[in-house]
Amino acid sequence: MRVSTRSNAFPGSAIRGVNEEVVRLEKSGVKVYGFHIGQPGLPPSRELLLEFTKELLERPFEYSMYTPSSGIEELREAIAEDYTKYSGVKVGADNVSVTAGSAEAILAAFMAIIDEGDYVILFDPTYLMYEPVINYLGGRVIKVRAREELGWEPGEEDVKAVMSRRVKAIIAVNPDNPTGRVLGESMIKLLVDLAHDYDAFLIYDEAYRHLYYEGSHTYAVRYGLENVIALNTFSKDPAMPGWRLGYVIAHDDFMKVFNRVKQYTNLNPPTPAQYAGLLYLRKYKEKYIGETLPIYKSRMEAMYKAIKEYLPEATVIKPRAGLFMFPNLKPYLDKLSIDDYAFAMRLVKETHVAVVPGSAFGEAGKLHVRMTFARENEKDIETGIKIMADYILRALGASK
Ligand SMILES: Cc1ncc(COP(=O)(O)O)c(C=O)c1O
């Protein structure tokens, strides 16, 4: 089969590797302690679904048609209002483009900005979707190490040191996946200023902007909209990842190019999802977040406590936001002479506890694992982590 050489830019996600094992186990009726896949562990608002299904049956034709590529006008207006309200920066419907999840936005945004040989700055570790897309498009990824000792914030001088006229974009996932790190205000301002000074873009991925357990989100657009491309999604706080809905907020000049490119990545974002997203913003968002955030917070606390108690040699930072923890298991894995990838695969196969190997997110993620606290309840979180710790202790005993 003569497939493209360029397709090798896409290595296949390690999250999916673990997930395939989980699906196999669950199909055979086995209980899995799922700390792997980054999706909300609660269903979407039931009231929203009831109202949505009624609307869908009343207006089946409209809800099944193609829409404008940038999304229906009502939804773009609702998003603009919502974003203005939370960010404090006035944005209009022309600053909004609706996408099939932020995954489509990532692809289309880089298609719109990258020329062969352009540099893109990426923190290491961070969300694993970016690097393959940039490589595929002929861009060059420049990594800046996020420093674990700084709570996974990169050093300001390290970022400044790699800036040049060849840099087209800086990517900041905030709050971060996998580390759970929230960037400080001065770093965010620095990134916007650097993007401005070097005529580049700051790709600001805010997928988890409503999932804060401490403090609140800093909107990069507050320091200027012109060079910021903010990526957002309905996959996290509304808990609708399978509906494939996201959106981009950016300057209208960029939007014109983005919307033209986007006609070729997907004719339009899924129409039914757009109407469900509209209902979420208009009627259900605040109530739903108010109900679900305390549940995630309690699960986060349970996971943090269990890691501290059962894996005392691991270092772990308590996340202020997002859905993840990123414990450093080096003291254990070094003694076992095993890397994080082999560990995660063995753990899921032998104990049915699913975590994601940290190296999937970059070199700096080696010997870490990403664990989400979103899916399991407090009791299962504790049990799963105890199973994981017992497995490590048994393996250490056997290797003596
Ligand atoms: C930081 C971040 N960005 C983007 C995405 C892509 O999500 P979606 O395409 O569902 O919006 C994810 C998914 O986990 C994510 O964590």
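In the block above lies the structure referred to throughout.
About the thresholds
- Residue positions are given per chain, counting from 1 as you read along its sequence in written order.
- Reporting of local features is limited, given that this is a predicted model, to residues whose pLDDT is at least 70; pairs of side-chain atoms are given and counted only at 80 or more, and all residues count toward the totals for whole chains, interfaces and linings.
- Remark: hydrogens and water are excluded; side-chain values derive from all non-hydrogen atoms of the structure.
- We count a stretch as a helix when DSSP gives it H or I for four or more residues in a row; a strand needs E for two or more, and each element gets its number in order from the N terminus.
- Radius of gyration: over C-alpha atoms. The globule rule applied is 2.2 Å multiplied by the number of residues raised to the 0.38 power.
- With a 1.4 Å probe rolled over the protein chains alone, any residue whose accessible area is under 20% of its type maximum counts as buried; one over 50% counts as exposed, and the rest are partly exposed.
- Contacts were defined at the residue level, with two residues in contact if any of their heavy atoms lie within 4.5 Å.
- Here the open area of atoms and residues is found with the Shrake-Rupley method and a 1.4 Å probe, where only the protein chains shown may cover a residue.
- The nearness test applies per residue and asks whether one of its heavy atoms lies within 4 Å of the molecule or strand.
- Here a polar contact is recorded for every N or O atom pair within 3.5 Å, except that within protein the pair must consist of a potential hydrogen donor and a potential acceptor, and residues adjacent in sequence are included only if both atoms are side-chain atoms.
- Whether a set of points on the 1 Å grid over the protein atoms alone is a cavity depends on a 1.4 Å probe fitting there but being unable to get out, while an open set qualifies as a pocket with protein on both sides within 12 Å along at least five of seven lines; lining residues are those with an atom within 4 Å of a point.
- Whether a molecule sits in a cavity or pocket is decided by its atoms, more than half of which must lie within 2 Å of the grid points.
- The criterion for an aromatic pair is that two Phe, Tyr or Trp rings (for Trp, the six-membered ring) have centres within 6.5 Å, with stacked assigned to planes under 30 degrees apart, edge-to-face to planes over 60 apart and tilted to the rest.
- We call a charge positioned over a ring when the NZ of a Lys or the CZ of an Arg lies within 6 Å of the ring centre and within 35 degrees of the ring normal.
- Grid points are joined across faces, edges and corners, and a volume is the space filled by probe spheres set on the points.
- All amino acids are sorted into three groups, where Ala, Val, Leu, Ile, Met, Phe, Trp, Tyr, Cys and Pro are nonpolar, Asp, Glu, Lys and Arg are charged, and the leftover types, Gly among them, are polar.
- Each domain span listed reflects an automatic or database assignment of domains.

Enquirer: Could you give an account of the overall build of the protein chain, with specific residues and numbers?
Expert: When its secondary structure is counted, the protein chain shows 12 helices and 13 strands. The globule rule puts the C-alpha radius of gyration for 400 residues at 21 Å, and the 21 Å found for the protein chain is close to it. In terms of overall dimensions, the protein chain has a C-alpha envelope of 65 × 55 × 50 Å along the principal axes. The buried share of the protein chain, taken over its 400 residues, is 57%. If you take every contact in the protein chain between residues at least 6 apart in sequence, the share linking residues at least 24 apart comes to 75%. Accessible area of the protein chain: about 17300 Å², with a carbon and sulfur share of 52%.

Enquirer: Lay out the site of the ligand in plain terms, naming residues and giving numbers.
Expert: Close to the ligand lie 13 residues, the nearest being S102, D205, Y208, T233 and S235. For the ligand, an oxygen atom lies 2.6 Å from a polar atom in the side chain of T233. Take S235: an N or O atom from its side chain is 2.6 Å from an oxygen atom of the ligand. Protein chains shield 92% of the accessible area of the ligand, which is 390 Å² for the free molecule. Under a 2 Å grid-point criterion requiring more than half of the atoms, the pocket assigned to the ligand is the largest pocket.

Enquirer: Help me get a handle on the environment of F110, residues and values and all.
Expert: Along the chain, F110 turns up in helix α4 (residues 101–113). For the pair F110 and V133, spaced 23 residues apart in sequence, the C-alpha separation works out to 7.6 Å. Once you skip the residues sitting within four places of it in the chain, F110 turns out to touch V120, Y130, V133, I134, L137, A169, I171 and I203.

Enquirer: Got a sec to walk through the environment of Y119? Specific residues and values, please.
Expert: Assignment of secondary structure puts Y119 in strand β3 (residues 119–124). We classify Y119 as buried; its relative accessible area is 14%. Along the primary structure Y119 and P269 are separated by 150 residues, whereas in three dimensions their C-alpha atoms are 29 Å apart. Those residues in contact with Y119 that sit more than four places away from it in its chain are R140, I142, S164, R166, V167, K168 and A169.

Enquirer: Explain the packing of aromatic side chains residue by residue, including any values.
Expert: Across all of its chains, the model carries 17 aromatic pairs by this definition. With 6.5 Å between their ring centres and 75° between their planes, Y280 and Y288 make a pair best called edge-to-face. For the pair shown, Y280 and Y288 are each scored as buried. One aromatic cluster is present, built from ring pairs that chain together F52, Y63, W243 and Y275. When the ring centre of Y136 is taken as reference, the NZ or CZ atom of R6 above it lies at 4.8 Å. Lying over the aromatic face of Y33, K31 brings its terminal NZ or CZ to 4.8 Å of the ring centre.

Enquirer: Give me the layout of surface pockets: which residues, what numbers.
Expert: By volume, the largest pocket amounts to about 1000 Å³. Together, 41 residues line the largest pocket, and S13, I15, Y127, L128 and M129 are the ones closest to its centre. Every element with two or more residues in the lining of the largest pocket is listed here: α1 (14–27), α4, β3 and α5 (130–136). Ranked by residues supplied to the lining of the largest pocket, first place goes to α4 with four residues. In terms of residue class, the lining of the largest pocket is built from 20 nonpolar, 13 polar and eight charged. Counting the residues that make up the lining of the largest pocket, at least three belong to each of domain 1 (5–44 + 287–399) and domain 2 (46–285). For the second largest pocket, the calculated volume is near 180 Å³. Sorting the residues of the lining of the second largest pocket by element identifies α3 (73–87) and α9 (271–310) as the ones contributing at least two each. In terms of residues, the lining of the second largest pocket owes the most to one element, α9, which gives seven residues.

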